[in-house]
Amino acid sequence: FSSGISFSSIQSLETICSFAFNECENLMKITIPCNVKFIGACTFYKCYSLAEVSFEKNSSLEYIDSLAFGWCSSLEDISLPSSLKKIGKNIFNND
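Everything numeric in this text was worked out from a predicted model, so none of it was measured.

Participant: I tried to follow the overall build of the chain on my own but got confused; where do I start?
Facilitator: Tallying secondary structure elements over the chain gives 0 helices and 7 strands in all. Helices and strands appear in the chain in the N-to-C order β-β-β-β-β-β-β. A globule of 95 residues ought to have a C-alpha radius of gyration of about 12 Å, and the chain, at 12 Å, matches this closely. Counting the 95 residues in the chain, one finds 37% classified as buried. Sequence-distant contacts in the chain: of pairs separated by 6 or more residues, those separated by 24 or more amount to 42%.

This is the structure in structure tokens:
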């Protein structure tokens, strides 16, 4: 079992669907490919060990939906790409 996820061989990925990694408690890091435009609601919800989220250079990310990183209590630092146009409610909620 790996503690990280890589999408390096999936160049056509544009959406990471809602709840895709919901409650993956051992997920520690992820790199979002540059062609991803949408991260769905609760995509990484309750990924308690997720500490590192990075975005590939020249990111196309436009929208992060509600609670995408909710209850990611180990996530302390994230740099959102400049391409981002819309952010849903409480994307980092830990309440």
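Moving on from the coordinates now.
Participant: Where do I start with the nonpolar core in this structure?
Facilitator: A general trend in soluble globular proteins is that nonpolar side chains are found buried together. Core analysis: the biggest nonpolar cluster contains 21 residues, and Ile32, Ile39, Phe44, Leu50, Val53, Ile64 and Phe69 have the highest contact counts within it. Taken together, the elements giving at least two residues each to this core come down to strand E3 (29-32) and strand E5 (52-55). Beyond its immediate chain neighbours, meaning those up to four positions away, Ile32 contacts Ile16, Ile39, Phe44, Val53, Ser54, Phe55 and Glu56.

Participant: Quick question: what am I supposed to make of the packing of aromatic side chains here?
Facilitator: Counted by the stated rule, this structure contains 4 aromatic pairs. Ring geometry for Phe21 against Phe44: centres 5.4 Å apart, planes inclined by 0°, an arrangement best described as stacked. Of this pair, Phe21 sits in the loop between strand E2 (15-16) and E3 while Phe44 sits in the loop between strand E4 (38-39) and E5, and the two are 23 residues apart along the sequence. Note on Phe21: relative accessible area 13%, which makes it buried. Directly above the aromatic system of Tyr63 lies the positively charged group of Lys86, at a separation of 5.0 Å from the ring centroid.

Participant: Help me understand the sheet that holds strand E1 (residues 4-5), please; the structure alone is not making it clear to me.
Facilitator: Two pairing modes exist for strands in a sheet, parallel and antiparallel, and in both the strands are linked by backbone hydrogen bonds. Read across the open sheet, the 3 strands follow the order E1-E3-E5; overall the sheet is parallel. Here the strands that pair on one side only, and so sit at the sheet edges, are E1 and E5. The pairing of E3 with E5 spans 4 bridges and is classified as parallel. Each bridged residue has a counterpart across the sheet, and for Lys29 the counterpart in E5 is Glu52.

Participant: Before we go on, may I ask you to explain the side chain of Asn35 in this structure?
Facilitator: The topology assignment puts Asn35 in the loop between E3 and E4. At 2.8 Å, the side chain of Asn35 forms a polar contact with the backbone oxygen of Leu13. Not counting residues up to four positions away in its chain, the partners in contact with Asn35 are Ile10, Gln11, Ser12, Leu13, Glu14 and Ser60.

Participant: In this structure, what is going on with the environment of Val53? I would like to understand it.
Facilitator: Among the secondary structure elements, Val53 is positioned in strand E5. Sequence separation between Val53 and Ile32 is 21 residues, and the spatial gap between their C-alpha atoms is 7.5 Å. Not counting residues up to four positions away in its chain, the partners in contact with Val53 are Ile30, Ile32, Phe69, Leu75 and Ile78.

Thresholds, definitions, all that
Residues numbered from 1 in each chain as written. Predicted model: local features only at pLDDT ≥ 70, side-chain atom pairs only at ≥ 80, totals over all residues. Heavy atoms only, no water. Helix = DSSP H or I, 4+ residues; strand = E, 2+ residues; numbered from the N terminus. Rg over C-alpha atoms; globule rule 2.2 N^0.38 Å. Buried < 20%, exposed > 50% of the residue type's maximum accessible area, 1.4 Å probe, protein only. Contact = heavy atoms within 4.5 Å. Core = buried A, V, L, I, M, F, W, Y, C linked by side-chain atoms within 4.5 Å. Phe/Tyr/Trp six-rings, centres within 6.5 Å; stacked < 30°, edge-to-face > 60°. Lys NZ or Arg CZ within 6 Å of the ring centre and 35° of its normal. Pairing = 2+ DSSP bridges. Polar contact = N/O pair within 3.5 Å; in protein donor to acceptor, adjacent residues only side chain to side chain.

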